[in-house]
Amino acid sequence: MGLKERLFQKEDLSRYLASDKGFTKTLNARDLISLGVGVVIGTGIFILPGTVAALHSGPAISLSFVIAALVCSLSAMCYAELSSALPVAGSAYSFGNVLYGESIGWFLGWALILEYMLAVAAVSTGWASYFNSFISALGLHMPQALSGPFDPAHGTYINITAVASVLIVALLLAHGSRTSVRVNDIMVIVKVIIILIFVVVGAFFIKGKNLHPFMPYGFSGVIKGSSLVFFAYLGFDVVAASAADVKDPQKNMPRGIIGTLVITTILYIAVSVVLTGIVYYKQLDVSNPVAYALQLVHQDWVAAILSVGALAGMATSMISTMFSSTRLIYSIGRDGLFPEALGKINPKTKVPTNSLIIVTIIIAFFGGVVSLDQITSLVNIGTLLAFTFVSYGVIRLRKRPDIKNTGFKVPFYPVLPLISVIMCLALMTQLPAETLLASLVWFIIGAVIYLSYGIRHSKLNKVD
C-alpha cells in the first residue's frame, strides 16, 4: 500500500464498537443535555450579551443570538446524525477516521486536544479568580506567590487555586461517569435556577425606552454580533464525544444535542432581553454587565447569588470538557496513535484512567503556571475545523452503504450540510491572523508526531 493510500485508509466501525464495550452505558438524553448546557452556558452568559450589545448589536442582541443559533443548529444537526450513526467515543476524531481516513482523523483529534485542554485551563483560571474574590469578601486571601501564573517579576509562581480545581474535577471523574454526571446535573440545575431568578426579577425593571432604537448599528451590527456570540454555543463536540457512554444512542444523542441548542438559546435570549431592558445598551460595555444592571435597580441580593451561579457555571464547564477530553485521548490511544496504555479502560470504574491522569497533568500545568491570555482564541479554530468536517461528513456518510443509520437524519440533504460547511469556513476567515499562525505551528507539531510515531504504531498497520 502506497503512502497516500495508507494516510487515507479508513477505520472499521465494528472495531470501534467492540473496543468501546468497556464503557458502562448509563447516560440518557437528560444527562447529555445537562453535559451540553454545562459547557455551553458558562460565565459568558453574564458578560457576552452586555458587551456585544454595547459595541455592535444594541437591544437587537437577542436577534443576534437567534441568528447564531440558526447557524449553529446546522452543525448541531450534522453532529446529531453522525453521533446516531457512529455511536463511538472520540467525537470528530473518530468520525474523521471512519469517514475520511486516519490522517484526517488524526488532525481533527489534534485540533480538539488543543481546544479541550486550553478551554479547561482557561476556565480553571477564571474559577480561581472568582473564588479568590469570593473569599476575599470574607477576609481571606491567597498568598501572592500562589495566586497567579509563573511570573517572578510580579511575585507569582503558581495559581494553586486553579490547580486545585482541576484536581477536584479529576477526582470526581475518576469515580465513573454516573457519579460525575450526577454532580454535574445538580450544578447545572443550580446555575439555571440562578439565571431564571435574574430573568424573573429583572423583568419587573424593564423600561421600554431602553429598547429603542432596537437596531442602533443597523442590521450589519446584528450580523457582526451574531458572529461574535456564535462562539457562545460551542460544545456540541463535547456531547458527541460521550457517545460510547450513552444508552440507545440512535435516539438519545440527537435529543441531547438538539435539546442543548434549544435550552441554551432560550436562556441567552431571555438574559439579553432583560439586560438591555434594564440598562441602556451604551452603558453595558463593562466587565460585569449583569451585576451592574442589578446594582442599578438596587437588587444586591440577586447580585450576591450570581457569584454562586458563576462558580457553578465554570465548574460544570470543566466537568463536561474534561470528561470529553479523557474520551478523546482514550480514542487516540485505542487506535495506537498515542501509547496504547492511554487506550485502556479501568475494569472497575469503567473510566479511561490513564487518559484521565495525562489530561489532568497537562490542564493543571497550563492552568497553574502558564498565562493563557494570548492563546485561548485557539479554542475557536479547533472547534470550527471539527464543525466543517463533521458537516461535510454527513454527505460522506450517506454514500456509505456499509453504515446503516436508523436514527436522526439531517433534513433537506445535502443543502443544509453544505450551508453549514460554508458558514463554518466563513467564520474561520474572521479569526485573527495570529490565531491562524499559532494553529499552523500546532498542526506542524501534530504532523511530526503522527509521521514519526502515530502511523508506525497505528492499529491499521496491524490490520494490514
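These remarks concern the structure in this document.

Thresholds, definitions, all that
Sequence order sets the numbering: in each chain, residues are counted from 1 along the sequence as written. Local features in a predicted model are, by the rule used here, given only for residues with pLDDT of at least 70; side-chain atom pairs are given and counted only at 80 or more, and totals for whole chains, interfaces and linings are based on all residues. For the side-chain quantities, the full set of heavy atoms in the structure was used; hydrogens and water were omitted. Secondary structure elements follow DSSP: runs of H or I no shorter than four residues count as helices, runs of E no shorter than two count as strands, and numbering proceeds from the N terminus. Only C-alpha atoms enter the radius of gyration, while the globule expectation follows 2.2 Å times N to the 0.38, with N the number of residues. Each residue is assigned to one of three classes by its accessible area relative to the maximum for its type, calculated with a 1.4 Å probe on protein chains only: buried under 20%, partly exposed between the two thresholds, exposed over 50%. Note on contacts: a residue pair is in contact if any heavy atoms of the two residues lie within 4.5 Å. The accessible surface values rely on the Shrake-Rupley method and a 1.4 Å probe; as for residues, cover is taken only from the protein chains in view. Salt bridge, as used here, is a side-chain nitrogen of Lys or Arg placed within 4 Å of a carboxyl oxygen of Asp or Glu. A fitted line through C-alpha atoms serves as each axis, taken over the contacting stretch for helices, and the angle formed by two N-to-C directions is quoted from 0 to 180°. Throughout, the term roughly parallel applies to angles under 35 degrees, roughly antiparallel to angles over 145, roughly perpendicular to angles from 65 to 115, and oblique to all others. Handedness of a crossing is defined here by the sense of rotation of the near helix relative to the far one, left-handed for an anticlockwise turn of less than a right angle and right-handed for a clockwise turn. Only rings of Phe, Tyr and Trp enter the pairing, Trp through its six-membered ring, and a pair is recorded when the two centres are within 6.5 Å. The plane angle decides the type: under 30 degrees is stacked, over 60 is edge-to-face, the rest tilted. Expected helix span is taken as 1.5 Å per residue step, with the number of steps being one fewer than the number of residues. One fitted axis covers the seven residues ending at a residue, a second covers the seven starting there, and the bend at that residue is the angle between these axes.

### Considering the overall build of the protein chain
Looking only at helices and strands, one finds 19 helices and zero strands in the protein chain. Taking 464 residues into account, the globule formula puts the C-alpha radius of gyration at 23 Å, and the protein chain, at 22 Å, falls close to it. Projected onto its principal axes, the C-alpha positions of the protein chain cover 70 × 55 × 40 Å. Expressed as a percentage of the 464 residues in the protein chain, the buried residues total 57%. Within the protein chain, contacts between residues separated by at least 24 positions form 84% of all contacts whose residues are at least 6 apart in sequence. Just so you have it, the protein chain exposes about 18500 Å², and 70% of that area is on carbon and sulfur atoms.

### Details of the pattern of salt bridges
Scanning the model with the defined rule gives twelve salt bridges in all. When the shortest N-O distance is used, the salt bridge between Glu102 and Arg6 registers 3.2 Å. On the criterion of sequence distance, the pair formed by Glu102 in helix α7 (residues 102-136) and Arg6 in helix α1 (residues 3-7) is long-range, its members being 96 residues apart. In this structure Arg6 comes out as buried when scored by relative accessible area, which is 7%. Its salt-bridge partner being Asp185, residue Arg182 comes within 2.6 Å of it at the nearest N-O pair. Of this pair, Arg182 and Asp185 both sit in helix α9 (residues 177-203), three residues apart, roughly one helical turn.

### Quick notes on the packing of helix α5 (residues 61-85) against helix α10 (residues 218-229)
Where α5 contacts α10, the two axes come as close as 8 Å, and the packing angle between them is 55°. Taken together, α5 and α10 sit at an angle that is classed as oblique. The two elements α5 and α10 meet at a crossing, and its hand is right-handed. Every residue of α10 that contacts α5 at Ile61, Leu63, Ser64, Phe65, Ile67 and Ala68 is listed here: Phe219, Val222, Ile223, Gly225, Ser226 and Val229.

### Looking at the packing of aromatic side chains
The tally for this structure, following the rule as stated, stands at 14 aromatic pairs. Ring centres of Phe65 and Tyr268 lie 4.8 Å apart, and the angle between their planes is 10°; on these two criteria the pair is classed as stacked. On the criterion of sequence distance, the pair formed by Phe65 in helix α5 and Tyr268 in helix α12 (residues 249-278) is long-range, its members being 203 residues apart. Comparing Phe65 with Tyr268 shows no difference in burial state: the two are buried.

### Considerations on the side chain of Ser91
Its location among the elements puts Ser91 in the loop between α5 and α6 (92-99). Classification of Ser91 by relative accessible area gives buried; the value is 1%. Sequence-distant contacts of Ser91, defined by excluding residues within four places in its chain, comprise Tyr79, Asp237, Ala240 and Ala241.

### Brief notes about the environment of Val183
Inspection of the secondary structure assignment puts Val183 in helix α9. A residue is classified by how much of its surface remains accessible, and Val183, at 29% relative accessible area, is partly exposed. Note: C-alpha distance between Val183 and Lys247 (64 residues apart in sequence) is 19 Å.

### Side note on helix α18 (residues 433-457)
Taking 1.5 Å per residue, 25 residues should reach 36 Å; α18 reaches 35 Å between its end C-alpha atoms and fits that length. The largest bend along α18 measures about 45° and falls at Tyr450. All of the buried residues along α18 are Thr435, Ser439, Gly446, Tyr450, Gly454 and Ile455.

### A word on unusual backbone geometry
With an omega of -5°, the peptide bond running from His212 to Pro213 counts as cis. Turning to its location among the elements, Pro213 is positioned in the loop between α9 and α10. Of the consecutive residues Tyr413 and Pro414, the connecting peptide bond is found in the cis state with omega at 0°. Of note, Pro414 is situated in the loop between α16 (378-398) and α17 (415-428). Unusually for a residue other than glycine, Ser91 sits at a positive phi of about 50°. In the Ramachandran plot, Asp248 falls in the positive-phi region, its phi being about 45° despite a non-glycine side chain. Structurally, the position occupied by Asp248 is in the loop between α11 (236-240) and α12. Residue Asp248 is classed as partly exposed on the basis of its relative accessible area of 39%.

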